[in-house]
Amino acid sequence: MPSPIVADALNQNDCAGRGTRAWSGDPAARYNHAMTSTGSRSTGAGTRSREEGVLAALAAGVLGAAYDPAVPARMLEILGRTASRRDRERLLGVLRALDTRAGALLLAGRPGPGSGWAPAAAEAVVQRWAGSRLPLRRRLAAALGPVALLAAYAWPGPARDATGYPGPLGPAPDVLRRLRPLRLEADEELACDVVVVGSGAGGGVVAAELARAGLDVVVLEKGGHAAERDFSHQEADAYRQLYLYGLTLATDDLACRIVAGSTLGGGTVVNYSTSFATPAEVLAEWAAVSGVDAFASGEVAASLEAVAARLGVTEAESRPGVRDQLLERGLERLGWHAGPLPRNVRGCAQDAGCGWCGFGCRLGAKQSTLVTYLEEAAAAGARLVVGADARRVLVEPSGGGQRAGRATGVEALADGGHRLVVRASAVVAAAGAIETPALLLRSGLGGQVGRNLRLHPGTAAMGAFAEPVRFWEGTLQARYSAELRRRLGPYAPMFETVPVHPGTAAAALPWRSAADHRALMERSANLSLVGVLCRDAGAGRVLVDRDGSPRVRWRLDPADEARMAAGLAAAGQVLAAAGAGEVFSLQRRRPAFRPGAPAAHQAWAEATRRAGFGGGRAALFSYHQMGSCRIGADPASSAVGPDHASHEVDRLYVADSSLFPTASGVNPMLSVMALAHRAAGQLTARLG
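Residues numbered from 1 in each chain as written. Predicted model: local features only at pLDDT ≥ 70, side-chain atom pairs only at ≥ 80, totals over all residues. Heavy atoms only, no water.

Once that is clear, we can look at the packing of helix 15 (residues 322-334) against helix 21 (residues 558-578). At a minimum axis distance of 7 Å, the contact between helix 15 and helix 21 shows a crossing angle of 95°. Here helix 15 is positioned roughly perpendicular relative to helix 21, judged by the angle of their axes. Seen from helix 15, the contacting residues are Leu-326, Leu-327, Arg-329, Gly-330, Leu-331, Arg-333 and Leu-334; seen from helix 21, they are Gln-573, Val-574, Ala-577 and Ala-578. (Axes fitted to C-alpha atoms, helices over the stretch in contact; angles between N-to-C directions. Helix = DSSP H or I, 4+ residues; strand = E, 2+ residues; numbered from the N terminus. Parallel < 35°, antiparallel > 145°, perpendicular 65-115°, else oblique. Contact = heavy atoms within 4.5 Å.)

In structure tokens form, the structure reads like this:
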């Protein structure tokens, strides 16, 4: 999950290297032997083998007994998914530098080449990096440690087997795909009334509504097309095929990992089906912040009702698995609020296998845009194009007026390097709160585009139980608690659970040593969690690199960090009340307590507060990104107007979570769909 982690001067060490040393028991030698025997291109010489050799040594240090010779190649494959070519090349340059005497001394404090380090030496290097006061060294630990752990545990193999994880529960169903999207095999130019960039909660809804109104619609989806028969439910495959940048995107300091969908249907295919309506107090806040009357007039509320009805949102199909039973048990014993989650499902099995539906729902029960709005859009004549990465909005200069020009289409780079141009009377950007601002910035827009980003940063308290929990199983999300929000106000955290599969668990659970982490993973079947979902008041920003790739600049605001600390302390109480024998946090130091000891919880809460959460001190995840193209009446504080149209370019509209004036405070899918529903009405009135 790389980011800018090394100065250009470091790359000058590239040519100062020596050949790779090997001896019996050397992990690099074992790796090269394994790759040679399987026909891989490892030659024992050259830049790529040096990188792999250093990764092999570091992975052996991180993993210890969990090391697998296939891990280094997987690590390179994971690093190859990253958004920024510059970041990737810089990190590879660091690996090459570590295979030199000068680079190893500078970066690791021990002689090189790094590919020759024994596992114990490599382990000590990573431990020193993780605890270093130097940001560069901490980032190396944050970049390489989780990648090694993911590469060991997200694939079938001995490391994963030791956790008790069974892998997919049976094969995918042999059912026909109902959609037939286009995939380009040559350069092409299309023409339409409206081109929609993105096919998820925003793009899917707006495409269907516009197509139903008789407009000629083309939808561009960056990801591929996967349906029920394609969902392998292998963790590594799912991350590569269904998630944005293969689940490698993070804030530029690597402190918060960003989880977003990238497939036909977007995040609605991989999300956890939670379907909260935007709370009334949030709509009131949005009206006050944005100056958009629709939030207060009932117009957005009507759209919320319309999309909820189409998706069949219900609380009747929220049977809790063990994870959520433990959450509910702890809350009830404390006398705290617990409630069923509303979900967009029809005929959900609500069984153990539902825990894999973050890798796509094989039953088709999850009412994603893939099985609802996109089918309706296609039936009404919309053309869906997959593997199409929109690079810029085509803008015709204006002869005058307030706006700089008029949108006339989109230029995209399709699979195979083919160029796609879509000429259109209007453009709708609905690619999500990371990709939409990146597209607009690449297209020359500025102002408030990319600003006001919110991430809903989340962490968790973990509990170890005597009985098996298998936190990868069960209904995706079935229970929640708004206890702290009721007590402490609208920006206090909420509690939810999520299914946790071995790759994600390995990357999230604190690594202190190879043996310690391995022991933790081997008892992961008995772990459960209380997720702490924070509504962040502090704002970040989406920027673009020289190559146009998105860069996310965000830091945990001190007030948000204080609320996160309070949330984690309360989550620990819930797990203790539920019967956990040990409770710990996802902070690097992994403070823990055993319930029942006098004042144990109070001491733990203080220890977690002191340990801190920002700057990589704790594992943070963002499942919800929003606010980076804020809607509002004033161009000085918003990127688009009340009619969803850009303040800068005519005929350019936004219809996704980047519109949010502030963080929604709840899982945002329904809010996104409602705003897209409203945007489609605005656009139909203008173009119809």
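Structure's up, so let's keep going.
Next up on the list: the sheet that holds strand 16 (residues 540-544). Here three strands make up an open sheet; going across it, the order is 11-16-17 and the pairing antiparallel. A strand with exactly one partner marks an edge of an open sheet, and here the two such strands are strand 11 (451-453) and strand 17 (550-553). Each strand of the sheet is rotated relative to its neighbour by a mean of 45°, with strand direction disregarded. Taken strand by strand, helix 17 (residues 432-442) contacts strand 11, strand 16 and strand 17, and its axis lies near 50° from that of strand 16. (Pairing = 2+ DSSP bridges.)

Look at any regular strand and the pattern is simple: side chains alternate between the two faces of the sheet. Counting buried residues along strand 10 (residues 419-429), eight of its 11 residues qualify, which places the element largely inside the surrounding structure. By the bridge criterion, nine bridges tie strand 1 (residues 188-197) to strand 10 in an arrangement that is parallel. Bridged to Val-195 within strand 10 is Val-427. One ladder, built from five bridges, connects strand 9 (residues 405-414) with strand 10; its direction is antiparallel. Following the sheet pairing, Leu-413 is matched in strand 10 by Arg-419. Where strand 9 folds back on strand 10, the antiparallel hairpin that results is connected by four residues, among which Gly-416 adopts a positive phi of roughly 80°. Here strand 10 runs beside strand 22 (residues 652-654); their pairing, made up of three bridges, is parallel. Residue pairing for strand 22: Val-428 is matched across the bridge by Tyr-653. (Buried < 20%, exposed > 50% of the residue type's maximum accessible area, 1.4 Å probe, protein only.)

Here we come to the environment of Cys-354. In this structure, Cys-354 sits in the loop between strand 6 (343-344) and helix 16 (373-379). Along the primary structure Cys-354 and Leu-455 are separated by 101 residues, whereas in three dimensions their C-alpha atoms are 26 Å apart. When neighbours within four sequence positions are excluded, Cys-354 is seen to be in contact with Cys-348, Ala-349, Gly-474, Thr-475 and Leu-476.

To continue, consider the pairing of strand 17. As judged from the four bridges shared by strand 16 and strand 17, these two strands associate in the antiparallel manner. The residue of strand 17 that forms the bridge with Leu-543 is Arg-551.

Summed over all chains, the structure comprises 39 salt bridges. The residue Lys-222 makes a salt bridge to Glu-435 at a minimum N-O spacing of 3.2 Å. Placement of Lys-222 in the loop between strand 2 (217-221) and helix 10 (235-242) and of Glu-435 in helix 17 is noted, with a sequence separation of 213 residues between them. In this structure Lys-222 comes out as partly exposed when scored by relative accessible area, which is 26%. Salt bridges here are not isolated pairs; linked through shared partners, they connect Arg-86, Asp-87, Asp-545 and Arg-551. (Salt bridge = Lys/Arg side-chain N within 4 Å of Asp/Glu carboxyl O.)

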